[in-house]
Every structure is written in C-alpha cells, then in structure tokens.
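Examining the three-dimensional arrangement
The chain contents come next:
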Amino acid sequence: MAASVNDNKIDVLTSARTSLKLSIEKSKALGLALEKAGPRLEEINQRLPTLEAAVRPIRADKDALAAVGGHINRAVSPAAAVLKVFDAVHGLEKSLLSDPRNDLPGYLSVLKRLEEALKFLGDNCGLAIQWLEDIVEYLEDNTMADDRYLSNLKNSLKSLRELQNDGGRGHLDGGLLDAALDKLENEFLRLLTEHSVPLPMSSSSLAEQACIAPSPLPVTVMQKLQMILGRLIANNRLEKCKLIYVEVRSSNVRASLQALDLDYLEISVSEFNDVQSIEGYIMQWGKHLEFAVKHLFEAEYKLCIDVFERMGLDVWMGCFAKIAAQAGILAFLQFGMTVTESRKDPNKLLKMLDIFASLNKLRLDFNRLFGGAACAEIQNLTRDLIRRVIDGAAEMFWELLDQVQLQRQMPPPPDGSVPRLVSVIIDYCNKLLGDDYKPILTQVLVIHRSWKHEKFREKLLINEVLNIIKAIVVNLETWMKAYDDTILSNFFAMNNYWHLYKHLKGTKVGDLLGDIWLKEHEQSKDYYAAVFLKDSWGKLPAHLSREGLLFFSGGRATARDLVKQRLKAFNEVFDDMYKKQSNWVVWDKDLRERTCQFIVQAVVPVYRSYMQNYGPLVEQEASSSKYAKYTVQALEQMLMSLFQPKPGRYGSFKGRPPSGKFNNGVTDLRRTASAVG
C-alpha cells in the first residue's frame, strides 16, 4: 500500500517537471519572438504617420466606403489591364532595337505584336481614363475625399486625356514603334541598294549589249521587300518607301547610262550651232534612246509592277514616272528640242527626219511605258517634240524649191566649181527619195497634211523633188551667163553637168528623170568640155608654128630668132593661162584627171616634138632659160596639177565659200527656214 502511494507521487513529480520544462522553453521562444518583433513594431510605428496622412483625405465612414468599394474596383481593373500591356510593350524593346536583317520574319512578328499592343492601348486608355474620371467625380459629389486630393487626381487624369487626344502613339511606347519602322526603312534601302547594280557596259559595245536586260531582283529579296512594305504601309510609311525606291532605282539607271558618254545631251542651242559633228550626235542619240527605253526603262517598268502592284496602279506608275524623269528620259527629249530650236543649216531637214524616225520606232514603247497619267510631263514634252519635228521638217521641205530659186540671183563661184547649193540639193534629193528617208518623209508629210485636214498623195512628193532638180538646172544656166569669161563659163558648165549626171545616174531621182534626161546632160558635159579645151589650151600649140623653119631656109640665125620668138610667145600665153586656171577647181577626181589628161594630150606632144627639133637652136645660149623655160616633164607635171581643191584656202573640201553678197543671202535664207544655205 505504501509502495503504491510512493509510485504515484513520483509520477506526479515527473509530470510536473516535464510541464515546467516545456513552459520554460515556450517562455524562451516567446522572448525571442518578442525580441524580433520589436524592430517590426518600431517600423510600423514609424509608418503610421504616413498611413494616417494617406487615409486622412478619406473622410467617409465605414458604411460609405463599403458602398463605393465596388465602383473603385471596376474603375481600377481597366487601368490595371492597360498598365499590364504597357509593361509588355517595353518588354519588346530589346528585340525591336536589334538589326532586322538577322531575322526579318521574326522582327516583323515582334513588330506586329507591338502594333497590336499599341492598338489595345489606344482603344482602352480612353476607357480607363473615363472610368477613373467617373469615380473621382463620384468621390467629389459624395464628399468622400479631401478637395486638394481630388484636385490632384483630376489634374493627373486631365494630363492623360490631353496626351490621348494628341493621337501620338509615341506617348504610349516612348517612340519604340517609330524607331522600329525607321529600321525597316533602312533595311528596305539596304536590300534595294545592294541588289541594284548598274549594267557593265560602254558606248563602243552598245550594239553587242543591246540584248542585255538588267537582272531582276532575286525572289528572296522581292519577298523581303514585300514583307517590309506590308508593315510600313500599315503604319502610313508608303510615301517614304516610294521616295527610297525612286532614288535608288533612278540612280541605278543613271549609273548604267553614264558609261554611254551622254554629255552631248546637255549641249545648249548656242553650242549646238557651233558643233560640226552634230549628225554623229543625232545618230548616237537614236541608239542611246532606243537602248534606254527598250532595256533600262522597260526593266524598271516591270520591276515597279512587281514591287508595288498590290498598292494599285497610281502607286507603281507614279514611281516609274519619277524614275524615268530623274534617270534621264527628259534629257533625251530636251536634246531633240534643242535640234528643232537650232539654226537651219543644209542638213537640218535630214536631222529632223532622223529624230522623227527614232521617235516613231519607239512609238508603241512610249505609249505603253509612259501612257499613264503620272507620266504627263513626259507625254507633253514628247508630243511637243514630235509636233515641232513634223512642222519643221515639212516647212523646210516645201521651202526647198523657193530657196533654190532665190539662190539664182547670187553670183556663180569664181573658181568655176560646183556650187555648194548644187551638191547639197542633189544629195538631199537623192536621200529624200532613197529607201531610208522616203518612207519617213512621206509619213511626216502625211501627218502634217492631216493636221490641216488635207490629203497627201505620193505624187506631190515626187513632183516637188523633180521640180527642185529642174530649178537647179535653171540656176546653172543662169550662172553660166553671169560669167564675163566664156572659157570659165564653159569650164563651169562642164563641171556642173558632170556633177548632175554622175550623182543622179543610178539613183531613184535619176530613174524618175529618165535615161534621156541623164544622157542629155552627159552630152552637155562632153560638149562644154570640148569647147573649153578648144577655146583655151587648144589654142596654145598654134604658138609653136614650124613656118619658116623647114630646112632652115632663112639661115640658122634667122631660124634661131624665130624659135626664140615663138617659144617666148608660147611661154607667155602658157604662164598666163596656167596662172588663171590654177585657181579653178574640179572637185570630182575622175573628171579632174580626165580633163588634165586631155590638156596634156593637146599640148605636150606638140611641145615635145617642137623642142626635140628646134630646142637645140636656143639651148646652147646663155639666155636659153628665157626660151626653153620648161622641160617636157615639168610641163606635163604642171598641167596634171591643175584644178586641185585647195583646203587651205577654202577650209574644207565640201564647197566653196560664198562671196560677201552670197553670204548675206544665206543669212537671210536661214531666217526663212532655208535648208540649203
């Protein structure tokens, strides 16, 4: 019994000790917790004034605040969503400020997300502001907050509203979208520039390279350009794209044309009048214009369609029109205008026909490439050029006959040569009825007549040309009579009738004139050549008479005196005739050589025989050189050197210089559109 009681006491003590031990440990833990809570309580104590100040504007009781709580939550939720999207926008900044070339599709995808985010912000910022404005108004109406506090809120919301009304997305993204679009424009420029390569060509190899067209842009490049354009157009950047495209492609065309040496396109009217080789420039102009239109501008036309077709006709045609204008098509047309404005010279009619032929050859290409409204400037300049060319060419052609007749009053050439008028007009008429120019001239005259509502018949053209040739013949007959020296008149007739025959035989004009007409003028040449020889050099051998010298019947001394007298007379007549005719000219080499040969045959054999028989009578005397003045060889050489053209005197082999009176006539004729001055 006692043992049992003792056991119970021990258990109680053990339990008490354990409980006491646990209490001590809890006390220690509580002490540590209190120790740690001290700083936090101190911090809370320090923040209480701030919290008190923040809560102070709210002057409503608990029930009123509970009622407005739902309104505040509904107003704050849209604002919170806007802030969340705004944070997402700034999360795209790193990707959009990178180089698009590294991953263009990825860049465009990120850009699309930015556009969508900005659209959300643009659509919802106003709603969020409106909700916040409504709750502020509610607080103000129910006197639930301090007036100064509400005033600050209203000012902040007013600033947000003003930013929204400005419509500037840059306020929403800090200019990130504009920066990204700028990078896309730069990538657009880079792709175009790196794949726009001028043609490797030169003016000398143009014929071989005429079939070479610029390489189109690679498919991958075209796809990238299209993707970039899509995003830029969606953000109202199309105009900038067009400017970039036009500048790059027009520069590329200009670079291709630079190798052709097109400086002549810049020749002014005054410079044009002084250029001697303008025909060569016009020939180059036609080839260069054809190459530029059929290859360079054709390629640009197709490329504009490929790049901008989705944007519509006005866009791609507008780009092409600017490229063509900036690349040089206007300079080509202006050169043609310069030709029409230049002074009228003997070859201007042919120049005008050459220009018309080049333009007419490209008529279909011009209509197709430059037929749109955007090409109005090119169209107007082209139409003006064509009208001036047709009017000018037709006017000059119909004036040719009058100009030939007007020249009739001018004096003939003092050297008996072929007048420049004759050579130019004969050449003109042959070319105008030749295969190259007749179709062109006919078309010009048909168009010119149609503008006047008149019909044109081919017979008009043929009759006009034949009348011009006949007028030339009348001029020659008139000029023959104008010479005081009949020998020179015959020489002139020989010269010019031969020119007519030689330069008309075998030509279209000659065929129209007929063989009888040509034969008559060949016979006229022969006739006047014979008369010229008979009346001039044919009389010279008579001075070498053998009368009184046969067998020295009068004695040797008498014979010597007769030989001296006759050689002296021969030398005087020969020197006078040679001096005079040394200034006369035969431009045609064949006629010159034949004429000189006839003179040699008429004079030299007689002179040779005379000197062989009687020269020894005087050659042994000290004064023999006065009488035996020329050897047979020297005499022959002198006669064969007659009638040579003198370029040093006249400046060229193309024709004689007119006298002062003749020159004045030419000046007047140029003012009246003469083509034969």
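Residues numbered from 1 in each chain as written. Predicted model: local features only at pLDDT ≥ 70, side-chain atom pairs only at ≥ 80, totals over all residues. Heavy atoms only, no water.

In this model, helix H7 (residues 176-194) (19 residues) spans 27 Å end to end at C-alpha, consistent with the 27 Å of a helix rising 1.5 Å per residue. Here H7 has its buried residues at Leu-176, Leu-177, Ala-180, Leu-181, Leu-184, Glu-185, Glu-187, Phe-188, Arg-190, Leu-191 and Leu-192. (Helix = DSSP H or I, 4+ residues; strand = E, 2+ residues; numbered from the N terminus. Expected span 1.5 Å × (residues − 1). Buried < 20%, exposed > 50% of the residue type's maximum accessible area, 1.4 Å probe, protein only.)

This paragraph deals with the pattern of salt bridges. A complete count under the given rule lists 26 salt bridges for this structure. Residue Asp-178 is joined to Arg-237 by a salt bridge in which the shortest nitrogen-to-oxygen separation is 3.7 Å. Of this pair, Asp-178 sits in helix H7 while Arg-237 sits in the loop between helix H9 (219-234) and helix H10 (238-258), and the two are 59 residues apart along the sequence. Among the residues examined, Arg-237 registers a relative accessible area of 15% and is labelled buried. Between Glu-185 and Arg-237 there is a salt bridge; the shortest N-O distance is 2.7 Å. Within this pair, whereas Glu-185 is found in helix H7, its partner Arg-237 is found in the loop between H9 and H10, the two being separated by 52 residues in sequence. Arg-237 shares its class with Glu-185; the two are buried. Overlapping salt bridges bring together Asp-178, Asp-182, Glu-185, Arg-237 and Lys-240 as one network. (Salt bridge = Lys/Arg side-chain N within 4 Å of Asp/Glu carboxyl O.)

A few words now on the packing of helix H24 (residues 556-581) against helix H25 (residues 589-614). Helix-helix packing: each pair is described by the crossing angle between the helix axes and the interaxial distance. Interhelical geometry of H24 versus H25 gives an angle of 155 degrees and a closest axis separation of 12 Å. Considering their axes alone, H24 and H25 lie roughly antiparallel with respect to each other. In terms of crossing hand, the pair formed by H24 and H25 is left-handed. Residues Val-563, Arg-566, Leu-567 and Phe-570 of H24 form the contact with H25, whose own contacting residues are Val-603, Tyr-607, Tyr-610, Met-611 and Tyr-614. Its residues assigned to classes, the contact of H24 with H25 comprises eight nonpolar, no polar and one charged. (Axes fitted to C-alpha atoms, helices over the stretch in contact; angles between N-to-C directions. Parallel < 35°, antiparallel > 145°, perpendicular 65-115°, else oblique. Left-handed = near helix turned anticlockwise from the far one by under 90°. Contact = heavy atoms within 4.5 Å. Nonpolar A, V, L, I, M, F, W, Y, C, P; charged D, E, K, R; others polar.)

Their axes nearest at 11 Å, the elements helix H18 (residues 420-432) and helix H21 (residues 486-504) cross at an angle of 15 degrees. Here H18 is positioned roughly parallel relative to H21, judged by the angle of their axes. By crossing handedness, the relation of H18 to H21 is classed as right-handed. Along its contact with H18, which presents Val-422, Ser-423, Ile-426 and Asn-430, the element H21 presents Asn-496, His-499, Leu-500, His-503 and Leu-504. Residue composition of the contact of H18 with H21, grouped by class: four nonpolar, five polar and no charged.

Counting 169 residues, the largest nonpolar core has Tyr-245, Phe-297, Ile-329, Phe-370, Trp-537, Phe-574 and Leu-639 as its most contacted members. Contacts of Trp-537, omitting those with residues within four sequence positions, involve Phe-532, Phe-574, Met-577, Tyr-578, Gln-581, Ile-599, Val-603, Leu-639 and Leu-642. (Core = buried A, V, L, I, M, F, W, Y, C linked by side-chain atoms within 4.5 Å.)

Looking now at the packing of aromatic side chains. By the definition in use, this model includes 25 aromatic pairs. Residues Tyr-301 and Trp-316 carry aromatic rings whose centres are separated by 5.4 Å and whose planes lie at 85 degrees to one another, so their mutual orientation is edge-to-face. Residue Tyr-301 is found in helix H12 (residues 278-308), and its partner Trp-316 is found in helix H13 (residues 313-327); the two are separated by 15 residues along the sequence. For the pair Tyr-301 and Trp-316, one class covers both residues: buried. Relative to Tyr-501, the ring of Trp-498 has its centre 5.8 Å away and its plane inclined at 35 degrees; by these criteria the two rings are tilted. Here the residue Trp-498 and the residue Tyr-501 both occupy positions in helix H21, the gap between them amounting to three residues, near one helical turn. Accessibility expressed as a relative area gives 11% for Trp-498, which makes it buried. For Tyr-501, a relative accessible area of 12% puts it in the buried group. Of the aromatic side chains, those joined through ring pairs into one cluster are Phe-297, Tyr-301, Trp-316, Phe-320, Phe-366 and Phe-370. (Phe/Tyr/Trp six-rings, centres within 6.5 Å; stacked < 30°, edge-to-face > 60°.)

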